[in-house]
Amino acid sequence: MKLTIEDVRTRFIKHFDGSTGSVYAAPGRINLIGEHTDYNDGFVFPGAVEQGMIAEIKPNGTRKVRAYSIDMKDLTEFSLDDEKGPSASWARYIFGVCREMMALGVPVQGFNTAFAGDVPLGAGMSSSAALESVYAYALNDLWGENKIEKMELARVGQRTEHKYIGCNCGIMDQAISILGKKGSLMRLDCRSGEYNYFPWNPQGYKLVLVNSCVKHELVGSPYNDRRKSCENAAAAINKKFPEVKSLRDATYEQLDAVRGDISEEDALRAHYVIGERDRVLTVCEALEKGDYETVGQMMYQTHEGLSKEYEVSCEELDFLNEIAKEEGVTGSRIMGGGFGGCTINLVSEELYANFVKVAVEKFKAKFGKKPVIIDVVIGDGARKLL
Ligand code: GLA
């Protein structure tokens with residue numbers, strides 16, 4: 001069910017002093033293509049979704065934040081001046097954002113807040129970036145005179161992941177959660193921070209997510225390990241080819257030239273990233289010509305790379321990808337960090353109903369539970385609602 005302002009407001013009133021505050025929203029995201037390229041200085045192609053986080057906030061005249069998670073039914077209090085912060089992980093996101101905004105000189109004061117989200121957790125749709133972005137945006141509005149520019153707000157969220165959560169993520173999720181635009185995908189150059197909007201209105205096609213409901217765990221090793229492999233490969237290439245600063249600059253030949261210097265695993269990961277960089281650029285060109293067949297082929301290739309080379313897939317996601325192929329879906333692949341979550345599918349309108357039906361039935365028959373179908377509607381980035 002779609003989350004509404006009222007869902008949050010009624011709890012805010014109930015759990016605090018009965019008064020109301022300001023209300024903000026920030027979305028989760030999809031990504032058409034460009035997976036695990038953001039921390040390699042590459043390109044990504046995300047769009048904000050309609051699902052996201054809504055937070056109500058009111059200054060409370062103290063140095064304390066009193067935060068209520070409506071979904072967890074959990075109330076936590078922390079001091080803005082405490083170095084360590086709260087232990088509940090959902091509250092650490094808010095604490096991290098407060099501390100990082102303060103580090104940028106924003107005179108954040110204590111506040112009461114209640115928040116809730118309708119981005120499915122662990123679906124690879126970036127509920128955590130939505131949480132960071134809603135508070136970064138709100139704090140900038142309430143205490144920062146909106147002086148911090150949007151890309152820097154995204155970096156506040158990213159630093160929160162790195163320093164307070166332990167996930168060395170790239171910038172994609174936070175950037176699109178802050179900068180998303182209704183009806184448009186955004187091509188972001190993660191090296192320069194430059195971005196362009198591409199109106200997304202593919203005549204005759206739909207984008208649909210199939211959520212395997214297998215939960216991923218990005219915090220801790222698997223995601224950070226992938227990033228480390230890329231850095232190892234880039235450093236080895238840089239020694240021989242100093243012009244290569246990150247895998248975005250590298251060629252397959254340069255990778256071959258350093259195979260003896262890095263582990264086979266690191267080389268495999270790097271091989272995927274170099275291919276993915278090229279696929280994003282191919283997709284950009286194809287989109288300009290309205291060539292969705294090429295877009296779809298690139299998506300299948302990405303899935304193959306994520307499954308065999310980057311090794312972030314799982315049985316359930318490979319199964320969903322196979323069904324898409326069998327049903328003639330134009331493009332399909334794992335979306336987001338991997339290790340569970342959704343596939344994103346570009347499917348022609350004629351095939352849509354049948355694909356969804358078959359995917360649900362076959363998945364249920366094999367794994368004993370239904371996957372969740374999510375139609376993609378591209379929505380706006382972080383904003384004030386009330
Ligand atoms: C997660 C990270 C992003 C990005 C994707 C993979 O969503 O937060 O920075 O690396 O995985 O593309």
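Residues numbered from 1 in each chain as written. Predicted model: local features only at pLDDT ≥ 70, side-chain atom pairs only at ≥ 80, totals over all residues. Heavy atoms only, no water.

**As for the site of the ligand**
Going by this rule: When at least one non-hydrogen atom of a residue lies within 4 Å of a molecule or strand, that residue is treated as near it. Contacts described as polar in this section are N or O atom pairs within 3.5 Å, which, within protein, must combine one atom able to donate a hydrogen with one able to accept it, while residues neighboring in sequence count only if both atoms come from side chains. All accessible-area figures derive from a Shrake-Rupley calculation using a 1.4 Å probe, and residue coverage is judged against the displayed protein chains alone. Note on residue classes: Ala, Val, Leu, Ile, Met, Phe, Trp, Tyr, Cys and Pro are nonpolar, Asp, Glu, Lys and Arg are charged, and everything else, Gly too, is polar. An automatic or database domain assignment supplies the residue ranges for each domain.
Of all residues adjacent to the ligand, which total 13 residues, the nearest are Glu35, His36, Asp38, Asp173 and Tyr223. The side chain of Asp38 places a nitrogen or oxygen atom 2.5 Å from an oxygen atom of the ligand. Burial of the ligand by the protein amounts to 96% of the accessible area it has alone, namely 300 Å². Split into classes, the residues belonging to the shell around the ligand amount to 5 nonpolar, 4 polar and 4 charged. Built from parts of two domains, the shell around the ligand gets at least three residues from each of domain 1 (5-201 + 379-384) and domain 2 (205-375).

**Some remarks on the pairing of strand 4 (residues 64-69)**
Heads up, the condition is: Pairing between two strands requires that DSSP report at least two bridges joining them. Secondary structure elements follow DSSP: runs of H or I no shorter than four residues count as helices, runs of E no shorter than two count as strands, and numbering proceeds from the N terminus.
In this sheet, strand 5 (residues 74-79) lies alongside strand 4 in antiparallel orientation, the contact comprising 6 bridges. Counterpart to Val65 in the pairing with strand 5 is Phe78. Connecting strand 4 to the next strand, strand 5, in antiparallel fashion are 4 residues, including Lys73 with a positive phi near 55°. As judged from the 5 bridges shared by strand 4 and strand 6 (residues 111-117), these two strands associate in the parallel manner. The residue of strand 6 that forms the bridge with Ala67 is Thr113.

**Quick notes on the domain arrangement of the protein chain**
Applicable threshold: Whether two residues touch is decided by their heavy atoms; if any such pair falls within 4.5 Å, the residues are in contact. Throughout, buried area stands for the accessible area (probe radius 1.4 Å) lost by two parts on being put together, summed over both.
The domains assigned to the protein chain are domain 1 (5-201 + 379-384) and domain 2 (205-375). The centre of domain 1, based on its C-alpha atoms, is set 25 Å off from the matching centre of domain 2. Taken together, the contacts link 35 residues of domain 1 with 48 residues of domain 2. Both sides of the domain 1 and domain 2 interface together cover about 3400 Å² of buried area, and 64% of this is carbon and sulfur. The largest share of the area that domain 1 buries against domain 2 comes from Ile33, Glu35 and His36, three residues that together contribute 20% of it.

**A closer look at the sheet that holds strand 11 (residues 342-348)**
Threshold: Between the N-to-C directions of two axes lies an angle of 0 to 180 degrees, each axis being a line fitted to C-alpha atoms and, for a helix, fitted only over the stretch in contact.
The strand order 10-11-9-12 describes an open sheet built from 4 strands, whose pairing is antiparallel. Of all strands in the sheet, those bounded by a partner on one side alone are strand 10 (331-334) and strand 12 (372-375). Here the average twist between neighbouring strands, direction ignored, is 20°. Relative to strand 11, strand 9 (residues 205-211) is paired through 7 bridges, and the arrangement is antiparallel. The residue bridging Val208 from the neighbouring strand is Asn345, located in strand 11. Where helix 11 (residues 349-367) meets the sheet, it contacts strand 9, strand 11 and strand 12, and its direction lies at approximately 145° from that of strand 11.

**Some remarks on the pattern of salt bridges**
We count it as follows: Salt bridges are defined by distance alone: a side-chain nitrogen of Lys or Arg within 4 Å of a carboxyl oxygen of Asp or Glu.
Within the structure shown, the criterion is met by 28 salt bridges. A network of salt bridges, in which partner residues are shared, links Glu100, Glu152, Arg155, Arg159 and Lys163.

**Concerning the state of the cysteines**
Filter applied, for reference: We call a pair of cysteine sulfur atoms a disulfide whenever their separation is within 2.5 Å.
Under the counting rule described, the total for this entry stands at 0 disulfides. In this structure Cys230 is not part of a disulfide, and its nearest cysteine sulfur, from Cys190, lies 13 Å away. Distance from the sulfur of Cys284, which forms no disulfide, to the nearest cysteine sulfur (Cys190) is 12 Å.

**Remarks on helix 11**
Quick reminder of the rule: What a helix is expected to span follows from its residue count: subtract one and scale by 1.5 Å. Take the seven residues that end at a residue and the seven that start at it, fit an axis to each, and the angle between those axes is the bend at that residue. Type-normalised accessible area, obtained with a 1.4 Å probe on protein chains alone, sets the label of each residue: buried when under 20%, exposed when over 50%, and partly exposed for intermediate values.
Over its 19 residues, helix 11 runs 27 Å from end to end, which matches the ideal 27 Å to within 8%, given 1.5 Å per residue. Along its length, helix 11 reaches its greatest deviation from straightness, about 25°, at Phe355. For helix 11, the set of buried residues is Tyr352, Phe355, Val356, Val358, Ala359, Val360 and Phe363. Contacts made by the buried residues of helix 11 are with strand 9, helix 10 (315-326), strand 11 and strand 12. Immediately beyond the C-terminal end of helix 11, within one or two residues, lies Gly368, with a positive phi of roughly 80°.

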